[in-house]
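Spelled out, the chains give:
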Amino acid sequence: MARQEPYTGVALLTAINFATQTETGNRQERDRDISRYDDRVEHWGFVGRADELSRLRMVAVSSAERGLILSGAAGIGKSRLLHEAVANLPAGRWAVYRASATIATSGLPFGGLVQILPGDPPIGLSPAGLMRWAVDGLIHDAAGRPIVLAVDDAHLLDPPSAALVHLLVREGATLLGTLHTAEPVPAAISALWAEGLVAHAELTPLSVEDSRALLTALVGGPVEAGSAQRMGRLGGGNPLLLRELVMAAIGGGELEQAYGFWRWTGRLALAPSLAELVDARIGRLTPGVRDVLELVAFGEPMGLSLLLRGADQADVEAAEDRGLIRVIEHDRRHDVRLAHPLYGEVVRRTCPVTRARRLQATLAGLIETSGSRRRNDLLRVAVLRLHSGTAQNGAMLLDAAAQAFAGFDIDLARRLGAAAHDAGAGYPAAELLSTALLFADEPERALAVLDETPDDTPRRLTARVAVEFFGLGRPEAVNALAEVRTADPGDAARVHAFEAFLRLLLDEVGRARELAAAVLAEPAASVPSHALARCVLAFLSAAGGDPAHAQELLDQVLAVAAEWRRDTPSVQYALQMAQGMLVSVTLDLPAIDRILTAEFAGLVQAGGFGLGSGWVALLQAQAAWLRGRTDQALRAVEQACAALAPSHVYDGSAHYARAIIAASRGDVALATASLQLADEAANGVFSVYYPWREQARAWAYACAGDISTAVRVQLASASRSRSGGFHGHELLALYDVVRLGCPDLVAGRMSELGGKVGGRLSALFVRHARAGVDGEAHLTLAREFAGVGCLVFAAETAATAVRLFRAARDTRALAASTLLADVLGRCDTVRTPALVAVQPALTVRERQVAELAAGGVRSREIADQLFLSPRTVENHLQRVYTKLGVNGRNELTPALKLLPQ
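Anyway, here's the lowdown on the structure attached to this text. (Residues numbered from 1 in each chain as written. Predicted model: local features only at pLDDT ≥ 70, side-chain atom pairs only at ≥ 80, totals over all residues. Heavy atoms only, no water.)

**Regarding the overall build of the protein**
Within the protein, the regular secondary structure consists of 47 helices and ten strands. Its C-alpha atoms put the protein at 105 × 95 × 45 Å along the principal axes. Across the 901 residues in the protein, those meeting the buried criterion constitute 53%. Considering only contacts within the protein whose residues lie at least 6 apart along the sequence, 67% involve residues at least 24 apart. A total accessible area of about 38,100 Å² is found for the protein, and carbon and sulfur atoms account for 53% of it. Across the protein, the 90 positively charged side chains and the 99 negatively charged ones have centroids separated by 4 Å. (Helix = DSSP H or I, 4+ residues; strand = E, 2+ residues; numbered from the N terminus. Buried < 20%, exposed > 50% of the residue type's maximum accessible area, 1.4 Å probe, protein only. Contact = heavy atoms within 4.5 Å. Areas by Shrake-Rupley, 256 points an atom, 1.4 Å probe, with all protein chains shown as cover. Lys, Arg positive; Asp, Glu negative; His and termini not counted. Charge placed at Lys NZ, Arg CZ, Asp CG, Glu CD.)

Encoded structure:
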């Protein structure tokens with residue numbers, strides 16, 4: 001190989017001038033590309049990476065550190081992060097030089113730094129002399145300011161540029177740089193961190209929270225939780241790919257907005273720009289490596305040993321070396337996945353149909369011959385057989401559909417159920433398919449499937465009634481169950497269990513209890529029938545104020561979940577309702593948190609199960625509201641509205657919850673509008689939920705200032721609950737009357753209920769009702785409510801203590817005000833009647849005077865600052881003391897903290 005001659009001064013000068021012209025052309029082309037891109041992304045701002053950005057900025061201004069180089073995959077956000085790190089450095093204090101190396105300039109001497117080099121280098125200098133000239137020129141231009149050198153894509157620097165960067169760092173400059181992972185790095189750059197001159201770190205993918213924040217910025221509004229989770233997972237924490245994914249979804253009409261939240265349909269519109277971007281990242285492949293990529297794309301996650309049976313080991317190693325696949329070790333297993341989720345989407349979409357079918361049939365055979373040892377192998381084989389056109393075993397497809405349904409992947413359950421139905425799996429396949437269609441908000445199609453599959457058993461009738469009742473909102477459908485006559489006790493128990501559930505929802509409590517008890521007493525009843533009956537009785541026990549018995553019944557249902565999920569997966573719906581009733585009546589925050597962190601909550605959002613996702617969001621809203629986090633509660637309940645919007649049978653419940661939360665924030669317009677929407681959606685199917693409907697109505701009245709009507713509504717609701725045996729609901733309704741300021745109306749009855757209704761908060765509610773005008777009792781309750789995390793109740797009881805102490809000119813008002821201020825400091829906006837009572841309106845001038853006085857400013861100084869007379873200042877202070885119920889300046893600070901800002 002011929003030795004490369006060193007550059008002469010003239011050659012370097014020519015190269016620099018040529019690089020300048022080349023870079024100018026590249027910059028113009030880049031500017032056109034950026035302009036086109038900016039037209040698409042509009043105002044998307046920088047999102048996330050707070051820790052990394054802080055670290056870069058800290059290094060940039062540090063006198064002790066010489067630099068930081070970040071490595072990362074393409075599109076991970078390195079360039080934008082580098083730009084943000086130096087964008088706001090004051091030019092008067094630091095000399096910031098920015099350079100971006102490119103492939104076009106990587107072969108030109110000094111091409112990578114041509115943007116920052118001084119112009120017109122002297123002729124005749126040696127390479128070393130030119131290097132010295134460049135360093136001296138930059139130092140002279142910096143005029144004594146510390147030099148910060150920001151170099152993007154430093155792996156593309158030509159050798160002279162890399163050497164110049166190294167020399168600048170040694171001369172005292174600070175280097176902030178980025179590198180593309182797995183690309184060769186110039187020796188002069190890698191030596192910087194090898195010699196300890198600069199630090200080197202790997203930039204990881206965006207976190208889940210940052211991906212969600214970026215999604216919000218991209219679409220210009222919040223994204224429904226399940227959609228955000230699925231799109232974030234597909235984006236793999238890569239901002240560039242996530243942006244392309246969003247643009248493809250928007251362009252394909254796959255993002256829909258409801259109640260202020262964007263919801264993804266789950267269908268991926270593979271726009272050309274997205275496919276080209278992924279293709280560019282995958283690069284050119286040998287036939288063997290492409291085989292590996294395609295096998296993993298159709299089979300991931302797949303065991304490494306399985307992949308090695310279907311592909312050559314050298315090709316597998318090459319794919320891993322190129323960063324196309326990842327081998328993940330877990331519990332002594334080695335699973336193989338593609339390096340990025342979108343690789344699989346693009347590879348699967350671009351693979352020819354015949355080749356894709358052959359590959360999937362091959363994969364199915366490999367898994368079957370390996371013994372199908374993993375839990376989800378049945379499901380994987382069924383999907384591969386389905387997509388390869390080799391699915392002929394209806395029973396296998398039906399088992400797989402049930403497994404998909406149990407995992408709340410409703411779309412997959414629907415597809416596999418349809419395949420099982422077509423493969424001749426009979427009525428069981430039709431029932432499961434109709435159930436999946438019902439949960440996918442397609443009730444008409446569900447009925448059509450049942451109608452075209454003859455079956456004379458009561459089981460078909462219960463499936464049809466379920467679709468009519470839940471899918472079409474026809475409460476009268478339940479009457480068909482009452483007319484069933486069958487000699488088989490097992491079939492009769494199945495019908496009675498389902499009828500009990502529907503009678504419960506229609507608020508026919510006595511009949512529901514009678515039917516459910518009869519099912520449990522029937523030895524011939526199946527496991528699913530017993531499970532459904534226990535769910536009904538658990539619901540009734542929870543509403544009746546016996547949470548311990550309700551939990552015992554639910555534990556029995558969960559103990560046999562594996563049996564009923566295959567035969568009657570819709571029992572899950574009744575289980576959710578019973579669990580929701582239990583935690584909603586007891587207001588048990590730890591129990592709600594356990595549900596929200598359990599596997600179910602993640603599965604329903606990941607699988608696109610709208611009903612389940614809405615249910616989870618409602619529980620999130622309730623937990624946030626109890627903790628005083630009303631901003632978070634409002635976001636969660638609006639996500640529930642968005643998730644339940646496709647099914648008008650269910651979305652009324654979300655609007656009632658939104659009305660309650662809006663009212664607690666003092667938002668009359670939103671509370672009224674939500675209540676109206678909820679009433680319009682009501683159809684009688686869920687009559688048993690009247691307590692929440694009436695609670696929403698009462699608090700909407702209270703928010704509007706009509707306390708007397710609000711009290712009457714909740715007294716009537718409590719009376720109805722009492723007659724139905726729903727003592728848990730009765731206690732909650734009566735406690736609302738206490739919160740509305742009329743404890744004398746309900747204290748007696750609440751004392752009676754104290755011995756009947758279980759739950760952590762019941763005793764506190766009763767004590768609150770009986771506290772009367774005892775300020776110390778209210779103060780003690782406030783501390784106890786705060787101790788269990790119920791900050792709304794803590795704030796209200798503390799506010800009552802403040803009001804009572806102030807009225808009595810009791811010095812304990814200061815302690816109560818301090819506690820209330822502390823509690824409200826941990827809450828978002830809360831404007832309930834009890835709190836409004838201690839938040840009198842001050843004029844602007846009164847507020848100014850009070851805040852200055854609370855800060856220790858003397859009256860004469862206040863007068864000078866506000867151009868008032870000292871007498872006027874004292875008059876303002878006296879009015880403030882009277883309005884706030886305080887005795888002097890020392891009580892002003894906590895009292896002012898109680899006022900709306």
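There's more to say after this.
**So, the packing of aromatic side chains**
Inspection of every chain in the model, using the stated rule, returns 16 aromatic pairs. Between the aromatic rings of Phe785 and Phe793, the centroid separation amounts to 5.5 Å while the plane-to-plane angle is 65 degrees, which identifies the pairing as edge-to-face. Neither Phe785 nor Phe793 differs from the other in exposure class; each is buried. Pairwise contacts between aromatic rings join Phe405, Phe439, Phe469, Phe470, Phe501, Phe539, Tyr573, Phe686, Tyr689 and Trp692 into one cluster. Here Arg720 stacks its cationic end above the ring of Tyr690, 3.8 Å away from the centre of that ring. (Phe/Tyr/Trp six-rings, centres within 6.5 Å; stacked < 30°, edge-to-face > 60°. Lys NZ or Arg CZ within 6 Å of the ring centre and 35° of its normal.)

**Focus: the pattern of salt bridges**
Working definition: two side chains of opposite charge can pair if their charged atoms are close together. Under the criterion given, the structure shown has 41 salt bridges. Of the charged contacts in the structure, one is a salt bridge between Arg385 and Glu368, with a shortest N-O distance of 2.6 Å. Of this pair, Arg385 sits in helix α16 (residues 377-388) while Glu368 sits in helix α15 (residues 353-369); the two residues are 17 residues apart in sequence, bridging distant segments of the chain. You can call Arg385 buried: its relative accessible area is 16%. With a relative accessible area of 37%, Glu368 lands in the partly exposed category. Between Arg812 and Glu776 there is a salt bridge whose closest N-O contact spans 3.2 Å. In this pair, Arg812 is assigned in the loop between α41 (791-807) and α42 (813-825) and Glu776 in helix α40 (residues 775-787), connecting sequence segments 36 residues apart. Relative accessible area serves as the criterion here: at 31%, Glu776 is assigned to the partly exposed category. Residues joined by salt bridges that share partners form a network here, namely Arg290, Asp291, Glu294 and Arg355. (Salt bridge = Lys/Arg side-chain N within 4 Å of Asp/Glu carboxyl O.)

**A word on the side chain of Ser529**
Relative to the helices and strands, Ser529 resides in helix α25 (residues 527-543). By relative accessible area, Ser529 is classed as buried at 3%. For Ser529, the contacting residues outside a window of four places in its chain are Ala493, Arg494, Ala497 and Val519.

**Considering the pairing of strand β2 (residues 95-100)**
On β2, burial follows the alternation: Ala95, Tyr97 and Ala99 on one face are buried, whereas Val96, Arg98 and Ser100 on the facing-out side are not. Sheet analysis places β2 next to strand β3 (residues 147-152), joined by six bridges and oriented parallel. Each bridged residue has a counterpart across the sheet, and for Ala95 the counterpart in β3 is Ile147. As a crossover connection, the stretch from β2 through helix α4 (residues 127-142) into β3 is right-handed. (Pairing = 2+ DSSP bridges. Right-handed = clockwise from strand over helix to strand, strands pointing away.)

**Comments concerning the pairing of strand β1 (residues 67-72)**
Within a regular beta strand, the side chains point alternately toward one face of the sheet and then the other, so they alternate between its two faces. With six of six residues buried, β1 is to be regarded as a mostly interior element. Along β1, one buried face is formed by Gly67, Ile69 and Ser71 and the opposite face, lined by Leu68, Leu70 and Gly72, is buried too. As defined by bridge partners, β1 adjoins strand β4 (residues 174-180) across six bridges and the pair is classed as parallel. Counted as the bridge partner of Leu70 is Thr178 from β4. Bridge count between β1 and strand β5 (residues 199-202): four bridges; the pairing is parallel. Counted as the bridge partner of Leu70 is Ala201 from β5.

**Notes on the sheet that holds β4**
Here five strands make up an open sheet; going across it, the order is β2-β3-β4-β1-β5 and the pairing parallel. Only two strands of the sheet have a single neighbouring strand rather than two, namely β2 and β5. Across the sheet, the mean angle separating the axes of adjacent strands is 15 degrees when strand polarity is ignored. (Axes fitted to C-alpha atoms, helices over the stretch in contact; angles between N-to-C directions.)

**Structural notes on the packing of helix α19 (residues 427-439) against helix α20 (residues 443-451)**
Between α19 and α20, whose axes approach to 8 Å, the crossing angle comes to 170 degrees. It follows that α19 is roughly antiparallel to α20 by the angle criterion. Of α20, the residues touching α19 (which contributes Tyr427, Ala430, Glu431, Leu433, Ser434, Leu437 and Leu438) are Pro443, Arg445, Ala446, Val449 and Leu450. Counted by class, the contact of α19 with α20 contains nine nonpolar, one polar and two charged residues. (Parallel < 35°, antiparallel > 145°, perpendicular 65-115°, else oblique. Nonpolar A, V, L, I, M, F, W, Y, C, P; charged D, E, K, R; others polar.)

**Let's talk about the nonpolar core**
Within the largest apolar cluster, 139 residues are counted, with the highest numbers of intra-cluster contacts made by Leu307, Ile325, Leu416, Phe470, Phe498, Phe501 and Leu502. Top contributing element to this core by residue count: α25, with eleven residues. Discounting residues that sit within four places of it in the chain, Phe498 has contacts with Thr462, Val465, Ala466, Phe470, Leu481 and Leu532. In this structure, Trp615, Ala636, Leu670 and Ala702 belong to the second largest nonpolar core, which totals 84 residues. (Core = buried A, V, L, I, M, F, W, Y, C linked by side-chain atoms within 4.5 Å.)

**Section: the side chain of Arg494**
Assignment of secondary structure puts Arg494 in helix α23 (residues 489-505). Looking at Arg494, the relative accessible area reads 13%, which means it is buried. Excluding its chain neighbours within four sequence positions, the residues that come into contact with Arg494 are Glu431, Arg459, Thr462, Ser529, Asp567 and Thr568.

**Re the packing of helix α38 (residues 747-754) against helix α39 (residues 762-770)**
Look at α38 against α39: their axes get within 9 Å of each other, and the N-to-C directions meet at 155 degrees. With respect to α39, the axis of α38 lies roughly antiparallel. At the point where α38 passes α39, the crossing takes the left-handed sense. Of the residues in α39, those touching α38 at Ala747, Met750, Ser751 and Gly754 are Phe765, Val766, Ala769 and Arg770. (Left-handed = near helix turned anticlockwise from the far one by under 90°.)

Function cannot be read off these values alone, since they describe shape.
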